[in-house]
Amino acid sequence: MVIIRIKGTVMIETLQKFSPAIVSHKMDLKLEAKTVNAFFGKTQALQNVSLSIEKNHVVAIIGPSGCGKSTFLRCLNRMHEVAGGTMNGTILLDGKDIHENDPVNLRRRVGMVFQKANPFPTMSIFDNVAAGLRLNGMAHNGHIAEIVERSLQQAALWNEVKDSLSKNGMSISGGQQQRLCIARALAVNPEVLLMDEPASALDPIPTAKIEELIYELKKDYTIIIVTHNMQQAARVSDETAFFYLGEIIEFDNTKKIFTAPSIKQTEDYVTGRFG
Amino acid sequence: MERHFQHELEGVKTNLIKMGSAVEENINNAVIAILERNEVIAAKVIESDKRIDTLEIEIDNAIIDMLALQQPVASDLRFIIAAQKINNDLERIGDHAVNLAESALTLQKSKKLESLLEIPQMVSATKLMLKYALDSFILLDPKMARIVLETDDQIDEWNRSMTTNVIELLKNDKQLIEPGLALIRISQNLERVADMATNIAEEVIFHIQALVVKHHAEEI
């Protein structure tokens, strides 16, 4: 952002000067996608997608249904393969190719939160958060209770459930369940959080809580969020990527995308002229 | 699919164009009243300002509704921000037209001046600036808006020399104090109209090109 001061009082942001923000300064990159193509059988879902994501930034991915947003997100922790898809191109996490990494370890480092809250139905609140630790063999350190508490606090849920940790994970409200899933993802100490429409099934109050949470979490994590809600993308993200028909049309500072996008397709989409 | 919101945006633009025409007409009539010492036209300007004030409130309300209900972004957002400022500028120009008309009445009642000094050329240039600013808004033409920005300095210069010239005039004939002061007021009001036309042109550039050009921001 460019701020110009005149006579010490007037501040002006020159909108067109936002534009090269993504490439103009030295970046501490967490994730880099380089010419990624993704397929379901013969159907190509992503075409030559390249995107650089900075550490401790929130990146929003927007675009109409079927544009490849979720597919891209799932490529980042190799969940796309689990769904039977294939991909080529390179994805680097801290400069190292994710395909050279064990997928289980990768998914510990790159956690995911889904559209619909999916607590394990037979487990208590406590066990839901501890599940990842046990699955990843991280339960032996004897600090489970500590980690569960820390994770629930980070997910802004601790105060609401601290007296009912043994209750079933499904017994709490939808918004609380989603934060429980966030706590479960945080418990295994990830570096990146992928969020696929995390608030689309929630009403405005829990949605606002999730958005506040994203703002807090970016201090410690790099977050990529897929959302249909453009106001949400505008509120929570530092950068926004607009996807259309499997291609990345524009990727820039969120302020630039929502005040003066460079590409007409982006302009038409964010203003609701199409999509 | 055509957006309902598009109609609302166009409604605001149509109202601003209406307001622009009303303001331009009032400025044109006010300067006719000055140049031709015509009190009937001056009175008409003063009377018709009410219509401009009504339009200002109508446009303000429409803008508040759109901001609250549509959460505009990108070019829609820039249009609404520009429209709000242009609305304010046009209303102020309307007030300056009233001031000019009142000065025309003063001139009409006092001793006749042999010359109106720089006023005729200030009138021509200011009218043209206003016309170009409004046309650039209607036609979405940033080049036309830039011409307005370039003309403003000349108006400022004439306004400054008016003061010096009126003082010279008064040194020779004390009976000219009243019309002389009216001339200074006319000059100052024309200078403000030119400033407002410049503001409108700046907002047009912001709306179309997403560039902030006020206070020479581009050069900083």
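Above this text sits the structure in question.
Presented here is a report on the structure given in the accompanying data block. (Residues numbered from 1 in each chain as written. Chains lettered and ligands numbered in written order. Predicted model: local features only at pLDDT ≥ 70, side-chain atom pairs only at ≥ 80, totals over all residues.)

**Overview of helix H6 (residues 177–209) of chain B**
With 33 residues, H6 of chain B extends 48 Å between its outermost C-alpha atoms, agreeing within 8% with the 48 Å of an ideal straight helix rising 1.5 Å per residue. Immediately beyond the C-terminal end of H6 of chain B, within one or two residues, lies Ala210 of chain B, with a positive phi of roughly 55°. (Helix = DSSP H or I, 4+ residues; strand = E, 2+ residues; numbered from the N terminus. Expected span 1.5 Å × (residues − 1).)

**Quick look at the sheet that holds strand S5 (residues 58–62) of chain A**
Residues and elements named next belong to chain A. Across the sheet, 6 strands lie side by side as S8-S9-S10-S5-S11-S12; this open sheet has mixed pairing. Lying at the two open borders of the sheet, with one neighbouring strand each, are strand S8 (110–113) and strand S12 (247–253). Each strand of the sheet is rotated relative to its neighbour by a mean of 20°, with strand direction disregarded. Of the pairings in the sheet, the one linking strand S11 (residues 239–244) to S12 comprises 6 bridges and is antiparallel in character. For Phe243, the partnering residue across the bridge sits in S12 and is Ile248. Along the sheet, helix H2 (residues 69–76) contacts S5, S8, strand S9 (192–196), strand S10 (222–226) and S11; its crossing angle with S10, the most-contacted strand, is approximately 150°. (Pairing = 2+ DSSP bridges. Axes fitted to C-alpha atoms, helices over the stretch in contact; angles between N-to-C directions. Contact = placed C-beta atoms within 7 Å.)

**A closer look at the sheet that holds strand S7 (residues 96–97) of chain A**
All names here are of chain A. In space, the 4 strands of this open sheet follow the order S4-S3-S6-S7, with antiparallel pairing throughout. Two strands bound the open sheet, and with one partner strand each, they are strand S4 (43–54) and S7. One ladder, built from 7 bridges, connects strand S3 (residues 29–40) with strand S6 (residues 86–93); its direction is antiparallel. Residue pairing in the sheet places Phe39 in a bridge with Thr86 of S6.

**Regarding unusual backbone geometry**
Note on backbone geometry: most residues besides glycine have negative phi, and most peptide bonds are trans. One non-glycine residue, Asp94 of chain A, adopts positive backbone phi at about 50°. Note on placement: Asp94 of chain A falls in the loop between S6 and S7. Accessibility expressed as a C-beta count within 10 Å gives 14 for Asp94 of chain A, which makes it partly exposed. For Leu140 of chain B, which is not a glycine, the phi torsion comes out positive at approximately 55°. Its location among the elements puts Leu140 of chain B in the loop between helix H4 (119–139) and helix H5 (142–172). (Buried ≥ 20, exposed ≤ 12 C-beta atoms within 10 Å, placed from the backbone.)

**Structural notes on the pairing of S3 of chain A**
All names here are of chain A. In this sheet, S4 lies alongside S3 in antiparallel orientation, the contact comprising 8 bridges. Each residue of the ladder has a partner; that of Leu29, found in S4, is Glu54. Counting the residues between successive antiparallel strands, the hairpin from S3 to S4 contains 2 residues, one of them, Gly41, with a positive phi of roughly 60°.

**Looking at the packing of helix H5 (residues 125–135) of chain A against helix H6 (residues 144–154) of chain A**
Residue and element names in this part refer to chain A. Taken N-terminus to C-terminus, the directions of H5 and H6 make an angle of 110°; their axes are 9 Å apart at the nearest point. Overall, the two elements H5 and H6 adopt an arrangement that is roughly perpendicular. For the pair formed by H5 and H6, the contact residues are Phe126, Val129, Ala130 and Leu133 on the first element and Ile144, Ile147, Val148, Ser151 and Leu152 on the second. When its residues are assigned to classes, the contact of H5 with H6 shows 8 nonpolar, 1 polar and no charged. (Parallel < 35°, antiparallel > 145°, perpendicular 65-115°, else oblique. Nonpolar A, V, L, I, M, F, W, Y, C, P; charged D, E, K, R; others polar.)

**Observations concerning the environment of Met144 of chain B**
All names here are of chain B. Here Met144 shows up in helix H5. With 19 C-beta atoms counted inside 10 Å, the residue Met144 sits in the partly exposed group. Separated by 66 residues in sequence, Met144 and Ala210 place their C-alpha atoms 16 Å apart. Beyond its immediate stretch of four places on either side in the chain, Met144 contacts Tyr132, Asp135, Ser136 and Leu139.

**Some details on the packing of helix H1 (residues 4–36) of chain B against helix H3 (residues 74–109) of chain B**
In a packed pair of helices, the relevant descriptors are the angle between the two axes and the axis-to-axis distance. Residues and elements named next belong to chain B. Put simply, H1 and H3 touch, their axes get as near as 9 Å, and they point 20° apart. Taken together, H1 and H3 sit at an angle that is classed as roughly parallel. The handedness of the crossing between H1 and H3 is left-handed. Taken together, the residues of the contact of H1 with H3 sort by class into 20 nonpolar, 5 polar and 1 charged. (Left-handed = near helix turned anticlockwise from the far one by under 90°.)

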